[in-house]
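Coordinate inspection notes
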Amino acid sequence: MPGPQQAPGSPESPGSRPTFVVEADGGSRGNPGPAGYGAVVRDAGTGRTLSEAAEYIGTATNNVAEYRGLIAGLRAAHALDPQALVRVRMDSKLVVEQMSGRWKIKHPAMRPLALEAASVFPPESVTYQWIPREENSHADRLANEAMDAGRRGETWRPADSTAELDTGAHADTLPNLSGLPADPGAPAATPESSAEARAAARAAVRQAVRETHRTSAAAVRGAGTDDPTALTAADELPVEPAGPADRAAPAGQGEPSTPQVGWGADMGTPTTLVLLRHGETPLTPLKRFSGSGGTDPELSATGLRQAEAAASALAARGTVQHVVSSPLVRCRRTARAVADRLGLGVEVEHDLREADFGAWEGLTFAEVRERYPEDLDAWLASPEAAPTGGESFASVIRRVEAARDRILARHAGRTVLLVTHVTPVKVLACTALGAPPEALFRMELSAASLSAVAYYADGNASLRLLNDTGHLR
């Protein structure tokens, strides 16, 4: 495709860097559901369309599709001229604010997409502007064409697109885009304000790199040596030293450093973790410690019936899209009962296993009190204290949070069933509420009970359900 031509009166002189406008959009029919994106690259001086891109991407959320559209638009602009200045216009407030550096990128599934987008051009070459949906009709139409093609089992082709004609996006009807400010209604940019915006964008990218690296490192700490996702020293991401650009934004500007409390902007479809404690084992009614330190009992006859009841209830709801299980037998048997009913496979996540209770395995609380009174008192007093020869709650919390982040990254915007144990379910409930570790002792969690936590793109979590046993009655 020929490169952009200089229009008379364009602010770019021959030999200078061209300016492109990228308009991008994404959509999901169901959120999550069948999804696609569209992107168009224009010459900033004339408004002429230089390139179009669209793709059906399978099942995804709106946010993922919008980021994918942004990446496609930036790559299309880069293919035209890697030295260009780019002005991105999108109707996604989330993407614009995150890529501009005003909102932190907290959701694990968004960080890799934001990093990929930021890597196409140098941060100082790209600015972002939010626009109303009606001004993004060309990219929106491309996204819908891609989703329509996917529904027919076909691949979107530029030659078949009528998006430009359907939306009236002709060069002679479009405004000159070269003088658009970075934000609607914002004052004209000065060299100082432009430098601040570029510094903020660079800081946002660095923060996303650090968060992604931290999540990856946590995954490695909790994974075995055969984990294919484990990092080697050569894989570690370089982290630029913090500088003045890393300072927090002034009060009232940008997203707060901690998740907002209360009702806020619509962050799209959350990732929902449905938490199912395994069915009863022979040790359950005896209230004996049963962790991952040697005791791995099968489900009892009652436990098998409970697993089937949970499977029936979840099948009736019809919302679960993936099943993830602890590696222990009692969980895998419970997970298999549900997965078979739903027609799904079972992923095994080792960090969802129960705490290792060491020498206490198989004992009752009274027996532990009699044999290990000092260790029991210490364990009840501090999450850092471990059962005799076992694992502390602090250690369990760290690995369960690492497992949670990996699952959220793999299944963003989906509903995932986690079949696990008392302690991991309580950990996820406590961290969602921001409750201290001591709250682990203040929750009742029955065998085969259901709980649920929703995780949003801004880093907030919402505990939706706890210890529901209605399906067992």
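Here is a short report on the structure shown in this document. Quick caveat, the model's predicted, so the values are computed rather than measured. (Residues numbered from 1 in each chain as written. Predicted model: local features only at pLDDT ≥ 70, side-chain atom pairs only at ≥ 80, totals over all residues. Heavy atoms only, no water.)

1. Overview of the packing of aromatic side chains
Heads up, the rule is: Any two of the Phe, Tyr and Trp rings considered here, Trp counted by its six-membered ring, make a pair once their centres fall within 6.5 Å; the pair's planes then place it as stacked at under 30 degrees, edge-to-face at over 60, or tilted in between. Secondary structure is summarised from DSSP: a helix means a run of H or I of at least four residues, a strand means a run of E of at least two, and numbering begins at the N terminus for each. A simple rule labels every residue: compare its accessible area, found with a 1.4 Å probe on the protein chains alone, to the largest value its type can have, and call it buried under 20%, exposed over 50%, or partly exposed in between.
Taken as a whole, this structure holds 8 aromatic pairs when the rule is applied. Seen in terms of ring centroids, F289 and W379 are 6.0 Å apart; in terms of plane orientation they differ by 70°. Their pairing is edge-to-face. Of this pair, F289 sits in the loop between β6 (271–277) and α7 (301–317) while W379 sits in helix α10 (residues 373–381); the two residues are 90 residues apart in sequence, bridging distant segments of the chain. You'll find F289 and W379 in the same group, each marked buried. Centre to centre, the rings of W379 and F393 are 5.2 Å apart; their planes meet at 40°, and the pair counts as tilted. Highlighted residues: W379 in helix α10 and F393 in helix α11 (residues 393–410), separated in sequence by 14 residues.

2. Thoughts on the sheet that holds strand β8 (residues 347–348)
Test applied: At least two bridges found by DSSP between two strands are what make those strands a pair.
Spatially, the 6 strands line up as an open sheet ordered β8-β7-β9-β6-β10-β11, and their pairing is mixed. Because the sheet does not close on itself, it has two edges, and the strands there are β8 and β11 (461–468).

3. Details of a nonpolar patch on the surface
Cut-off, in case you're wondering: Only residues above 30% relative accessible area that lack a salt bridge enter a patch, with like-charged residues linked at up to 9 Å and the nonpolar side chains Val, Leu, Ile, Met, Phe, Trp and Tyr linked at up to 5 Å. A 1.4 Å probe and the Shrake-Rupley method give the accessible areas. Residues count as covered only by the protein chains that appear here. Should a side-chain nitrogen of Lys or Arg be within 4 Å of a carboxyl oxygen of Asp or Glu, the pair is scored as a salt bridge.
Together, F365, L380 and F441 line one region of the surface with nonpolar side chains, adding up to about 260 Å² of accessible area. Among the secondary structure elements, F365 is positioned in helix α9 (residues 365–371). Judged by relative accessible area, which is 39%, F365 ranks as partly exposed.

4. Digging into the packing of helix α1 (residues 62–80) against helix α3 (residues 110–118)
Just so we agree on the cut-off: Angles run from 0 to 180 degrees between N-to-C directions of axes, and those axes are lines fitted to C-alpha atoms, restricted for helices to the stretch in contact. When an angle is under 35 degrees it counts as roughly parallel; over 145 it counts as roughly antiparallel; between 65 and 115 it counts as roughly perpendicular; any other value is oblique. Helix crossings are classified by the rotation of the near helix relative to the far one: an anticlockwise turn of less than a right angle makes the crossing left-handed, while a clockwise turn makes it right-handed. The contact criterion used throughout is that any non-hydrogen atoms of two residues lie within 4.5 Å.
Taken N-terminus to C-terminus, the directions of α1 and α3 make an angle of 15°; their axes are 9 Å apart at the nearest point. Between α1 and α3, the angle falls in the class roughly parallel. Where α1 crosses over α3, the handedness of that crossing is left-handed. Counting all contacts with α1, which are made through N63, V64, Y67, R68, L70, I71, L74 and R75, the residues of α3 involved are M110, L113, A114, E116 and A117.

5. A word on the packing of α7 against helix α8 (residues 329–342)
To keep it simple, the criterion reads: Residues are grouped as follows: Ala, Val, Leu, Ile, Met, Phe, Trp, Tyr, Cys and Pro are nonpolar; Asp, Glu, Lys and Arg are charged; every other residue, Gly included, is polar.
Interaxial distance between α7 and α8 falls to 8 Å at its minimum, and their mutual angle equals 35°. In the crossing of α7 with α8, the sense of the turn from one axis to the other is right-handed. Of the residues in α8, those in contact with L304, A307, E308, A311, S312, L314 and A315 of α7 are R333, T334, A337, V338, R341 and L342. Of the residues assigned to the contact of α7 with α8, the class counts are 8 nonpolar, 2 polar and 3 charged.

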